[in-house]
Amino acid sequence: SQTIHQWPATLVQPVGSPLSLECTVEGTSNPNLYWYRQAAGRGLQLLFYSVGIGQISSEVPQNLSASRPQDRQFILSSKKLLLSDSGFYLCATEGAYNEQFFGPGTRLTVL
Amino acid sequence: QQQVKQSPQSLIVQKGGISIINCAYENTAFDYFPWYQQFPGKGPALLIAIRPDVSEKKEGRFTISFNKSAKQFSLHIMDSQPGDSATYFCAASITNRDDKIIFGKGTRLHILP
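One structure accompanies this document, and this report is about it. Source: prediction; values computed, not measured.

### What to know about the sheet that holds strand S7 (residues 62–67) of chain B
Residue and element names in this part refer to chain B. Across the sheet, which stays open at both edges, the five strands sit in the order S1-S3-S8-S7-S6 with antiparallel pairing between neighbours. Either end of the sheet is taken by a strand with one partner, and the two such strands are strand S1 (4–7) and strand S6 (56–59). Taken over all neighbouring pairs, the strand axes of this sheet differ in orientation by 15° on average, direction set aside.

Set out below in structure tokens:
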């Protein structure tokens, strides 16, 4: 079975600072990978997905970017954080029925 | 047409009662309907799922009821316990296609002890 690791678990950053969140996956090869954001008390917003190394698709225009430097590594970045970037960031893989399997998440607070 | 509408937004149920969360969809191409359970500070976890060739699926105290003609499906939690307090998301997907899974907006369930 696959395991998804995310770090850091929590992060507090000032407005205007850079961001790098990392997701790594074990137990599978060539997974489809996803980044979601969940604002406090809200639903799941798909940010990016990747079907392979170097292949990134963005679902919404925003201050964030994603990269996939290795098969099982997915990184979410920003050059300058905004207050509105605060939220719970979830990495996910995809199952046979397109269902999502989520990682433990990173809680980001931008002050 | 790609939306999945979930209701209610929040739900309070007495311990031992039945919790019912409903979802509706429009796209008849959806062929897989999972439910997710999310505890505070954790990622959502797949709880139970159903395919449209059956009308009901039961796993322990959790049951999905599926009405294909009405394009609706619901999650029933029998004998609800305080440990069931969480946010629940329904979802719908089309297998063997590149379309992304669609999530409902979530229901925050609180079980009173």
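### Looking at the interface of chain B and chain A
Contacts between the two partners involve 20 residues from chain B, matched on the other side by 21 residues from chain A. Buried surface at the junction of chain B and chain A, both sides included, amounts to about 1500 Å², of which 62% is carbon and sulfur. Three residues stand out in chain B for area buried against chain A, namely B:Pro44, B:Lys100 and B:Phe103, and they jointly supply 31% of the buried area on that side. At the junction of chain B with chain A, the criterion picks out zero salt bridges. Run the count over chain B and chain A and you get four residue pairs in polar contact (both at pLDDT 80 or more). Looking at the side of chain B that touches chain A residue by residue, the class counts come to eight nonpolar, five polar and seven charged.

### Concerning the packing of aromatic side chains
Counted according to the given criterion, the structure contains 18 aromatic pairs over all chains. Ring geometry for A:Tyr36 against B:Phe103: centres 5.9 Å apart, planes inclined by 90°, an arrangement best described as edge-to-face. Taken together, the residues span two chains, with A:Tyr36 in strand S4 (residues 33–38) and B:Phe103 in strand S10 (residues 102–103). By relative accessible area, A:Tyr36 is classed as buried at 3%. A cation over a ring is seen here: B:Lys100 above A:Tyr49, with NZ or CZ 4.0 Å from the ring centre.

Rules used throughout
Residues numbered from 1 in each chain as written. Chains lettered and ligands numbered in written order. Predicted model: local features only at pLDDT ≥ 70, side-chain atom pairs only at ≥ 80, totals over all residues. Heavy atoms only, no water. Pairing = 2+ DSSP bridges. Helix = DSSP H or I, 4+ residues; strand = E, 2+ residues; numbered from the N terminus. Axes fitted to C-alpha atoms, helices over the stretch in contact; angles between N-to-C directions. Contact = heavy atoms within 4.5 Å. Buried area = accessible area lost by both parts, 1.4 Å probe. Salt bridge = Lys/Arg side-chain N within 4 Å of Asp/Glu carboxyl O. Polar contact = N/O pair within 3.5 Å; in protein donor to acceptor, adjacent residues only side chain to side chain. Nonpolar A, V, L, I, M, F, W, Y, C, P; charged D, E, K, R; others polar. Phe/Tyr/Trp six-rings, centres within 6.5 Å; stacked < 30°, edge-to-face > 60°. Buried < 20%, exposed > 50% of the residue type's maximum accessible area, 1.4 Å probe, protein only. Lys NZ or Arg CZ within 6 Å of the ring centre and 35° of its normal.

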